[in-house]
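Structural description and commentary
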Amino acid sequence: MSSGPLMLDIAGTTLTETDRVRLKHPLVGGVILFARNYESPAQLSELTAAIHALRDPPLLVATDQEGGRVQRFRDGFTRLPSMGLLGEIQEKNSCLAYQLAQQTGYILAAELKACGVDLSFTPVLDLDYGQSSVIGDRAFHRSPQIVADLARALITGLQSAGMLAVGKHFPGHGAIRADTHVETATDLRDYTNIAREDLVPFRQMIDAGLAGIMTAHVVYPAIDSNPAGFSSEWLQNILRRDLGFDGCVFSDDLGMQAARNYGSITYRAERALQAGCTMVLVCNDPDSADELLDSLHWKSSAADKTRVERMRGQQTPYSMSQLHELEQFIQAAEAVSGIGSA
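Residues numbered from 1 in each chain as written. Predicted model: local features only at pLDDT ≥ 70, side-chain atom pairs only at ≥ 80, totals over all residues. Heavy atoms only, no water.

The biggest cluster of nonpolar side chains holds 90 residues, and the ones touching the most others in it are Leu33, Ile51, Phe170 and Leu239. With 10 residues, helix 4 (residues 94-114) is the single largest residue contributor to this core. (Core = buried A, V, L, I, M, F, W, Y, C linked by side-chain atoms within 4.5 Å. Buried < 20%, exposed > 50% of the residue type's maximum accessible area, 1.4 Å probe, protein only. Helix = DSSP H or I, 4+ residues; strand = E, 2+ residues; numbered from the N terminus.)

Written out as structure tokens, the structure reads:
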């Protein structure tokens, strides 16, 4: 059974029969886990094993384990610094910041992979303009080059533990105050401005082999009247053609308010897939998920199936003593930087 283009969530810490039925549907290709799905590393390992056992090839299991205030799994996992903290450390000691970013990426990936999680939607490549109510210290820095450099270090760490990276939120969410989870978001800048600033980290990470990108539910009317995740101009012309990206394109959650203005859940999914998304997310709305499974007619291309399969990454051996040493390094680096935890 081939992987489908939908990534859905589940209700709790174990699979219900309803979960199993949904996840066996041929349109489903992945599962995203949240804090409500986690109790302990042992429980998480059992849950991911059960998810993987449902299908062949196995479903892709993902989460948002960025660090700072966006870390779905906490008890039993290393407390990861926010990316903004790494940016602050970079201003004082760039060598330390890059080392810390790389080791943060390694421990993030190694701990998740040990529990059967294939992928974290990270790193955030948005710029911190001091404007966004939802991005903030999730971003590394205001400087596009510092963001690119720290992201490259973090990605090196992820890859060394066998995990591929997903840069978000293309083409850049940091310049507006609106939170797309709860409101419509519009960025009035022209393409030249966006390309000179926000696209720099994306362009450099694509050139470095970035495997995945997540889109923003932001409208950039100077470029297209549709949000970026529903825009073939952004996804096919700019991202694929101009920037040369050949990896997996994930929509942000189609249940977010900024996406709900664009029709039924089926229409939203169709528009995102037609625009160029490889996989679309539907979270925290089981009724919409069921509606979509009943009504969506979509067959992923061979290229998109390959892109999804690639996101599984590799299983890389590591030692618990090494993880403990890295955790101590993270704590020591925060202390010597003179910056409090974000």
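So that's the structure; there's more coming.
The next point concerns the pairing of strand 2 (residues 28-33). Both faces of the sheet carry side chains from a regular strand, because those side chains alternate between them. By the criterion of burial, strand 2 is predominantly enclosed, with 6 of the 6 residues buried. Pairing of strand 1 (residues 6-8) with strand 2, which is carried by 3 bridges, proceeds in the parallel orientation. Each bridged residue has a counterpart across the sheet, and for Leu6 the counterpart in strand 2 is Val28. In the classification by handedness, the crossover that spans strand 1, the intervening helix 1 (residues 17-23) and the parallel strand 2 is right-handed. You can see the chain leave strand 2, run along helix 2 (residues 41-52) and come back into strand 3 (residues 60-63), and the turn it takes is right-handed. (Pairing = 2+ DSSP bridges. Right-handed = clockwise from strand over helix to strand, strands pointing away.)

With that settled, consider the layout of surface pockets. Taken as a whole, the largest pocket encloses approximately 340 Å³ of empty space. Considered class by class, the residues forming the lining of the largest pocket number 10 nonpolar, 6 polar and 7 charged. (1 Å grid on protein atoms, 1.4 Å probe; cavity = no way out; pocket = protein on both sides within 12 Å on 5 of 7 lines; lining within 4 Å. Points joined across faces, edges and corners; volume = space filled by probe spheres on them. Nonpolar A, V, L, I, M, F, W, Y, C, P; charged D, E, K, R; others polar.)

Further remarks concern the pattern of salt bridges. Per the counting criterion, the structure on display carries 16 salt bridges. Put simply, Arg138 and Glu66 hold a salt bridge, and the shortest N to O gap is 2.8 Å. Residue Arg138 is found in the loop between strand 6 (119-120) and helix 5 (144-160), and its partner Glu66 is found in strand 4 (residues 65-67); the two are separated by 72 residues along the sequence. On the basis of relative accessible area, Glu66 is assigned to the buried category, the value being 2%. For the salt bridge of Arg312 with Asp118, the shortest nitrogen-to-oxygen distance reads 4.0 Å. Pair noted here: Arg312 is in the loop between helix 12 (302-310) and helix 13 (320-337) and Asp118 is in the loop between helix 4 and strand 6, with a separation of 194 residues, a long-range link. By relative accessible area, which is 15% here, Arg312 ends up buried. Through salt bridges with shared partners, a single network forms among Asp64, Glu66, Arg72, Arg138 and Lys168. (Salt bridge = Lys/Arg side-chain N within 4 Å of Asp/Glu carboxyl O.)

The next subject is empty space enclosed by the protein. Counted by the stated rule, this structure contains 1 cavity of 30 Å³ or more. In this structure, the largest cavity spans a volume of roughly 30 Å³. Lining the largest cavity are Glu66, Gly67, Gly68, Arg69, Ser82, Met83, Asp137 and Arg138. Its residues placed into classes, the lining of the largest cavity shows 1 nonpolar, 3 polar and 4 charged.

Quick look at the environment of Glu183 now. Turning to its location among the elements, Glu183 is positioned in the loop between strand 7 (166-170) and helix 6 (191-196). Accessibility expressed as a relative area gives 35% for Glu183, which makes it partly exposed. Between the C-alpha atom of Glu183 and that of Ala259, which follows or precedes it by 76 residues, the distance is 9.0 Å.

Another aspect to go through is the side chain of Ser251. Take Ser251: it is sitting in strand 9 (residues 248-253). At 3.0 Å, the side chain of Ser251 forms a polar contact with the backbone nitrogen of Leu281. Those residues within four positions of Ser251 in sequence are excluded, and the remaining contacts are Met214, Thr215, Cys277, Met279, Val280 and Leu281. (Polar contact = N/O pair within 3.5 Å; in protein donor to acceptor, adjacent residues only side chain to side chain. Contact = heavy atoms within 4.5 Å.)

Taking 1.5 Å of rise per residue, the 21 residues of helix 4 would be expected to cover 30 Å, and the 30 Å separating its terminal C-alpha atoms lies within 8% of that figure. Just downstream of helix 4, Gly116 is the residue with a positive phi angle, here 85°. (Expected span 1.5 Å × (residues − 1).)

All right, on to the sheet that holds strand 3 then. Pairing between sheet strands relies on hydrogen bonds along the backbone, with the strands arranged either parallel or antiparallel. Here 8 strands make up an open sheet; going across it, the order is 6-3-2-1-10-9-8-7 and the pairing parallel. Sheet topology places strand 6 and strand 7 at the edges, where each strand pairs with a single neighbour. Here strand 8 (residues 212-215) pairs with strand 9 via 3 bridges, running parallel. Looking at strand 9, one finds that Gly212 is bridged to Cys248.

This part takes up the side chain of Asp198. Note that Asp198 resides in the loop between helix 6 and helix 7 (199-207). Those residues in contact with Asp198 that lie beyond four places of it in its chain are Leu127, Tyr129, Pro171, Gly172 and Arg189.

Relative to the helices and strands, Arg271 resides in helix 10 (residues 265-275). By relative accessible area, Arg271 is classed as buried at 16%. Along the backbone, Arg271 and Phe230 are 41 residues apart, and their C-alpha atoms lie at a distance of 5.6 Å. Beyond its immediate sequence surroundings of up to four residues, Arg271 is in contact with Asn226, Phe230 and Tyr262.

Time to look at the environment of Asn226. As for its position among the elements, Asn226 is in the loop between strand 8 and helix 8 (232-242). Asn226 sits 33 residues away from Ala259 along the chain, and the two C-alpha atoms are 10.0 Å apart. Non-local contacts of Asn226, meaning those with residues more than four positions away in its chain, are made with Val218, Val219, Ser231 and Arg271. A polar atom in the side chain of Asn226 sits 2.3 Å from the side chain of Arg271.

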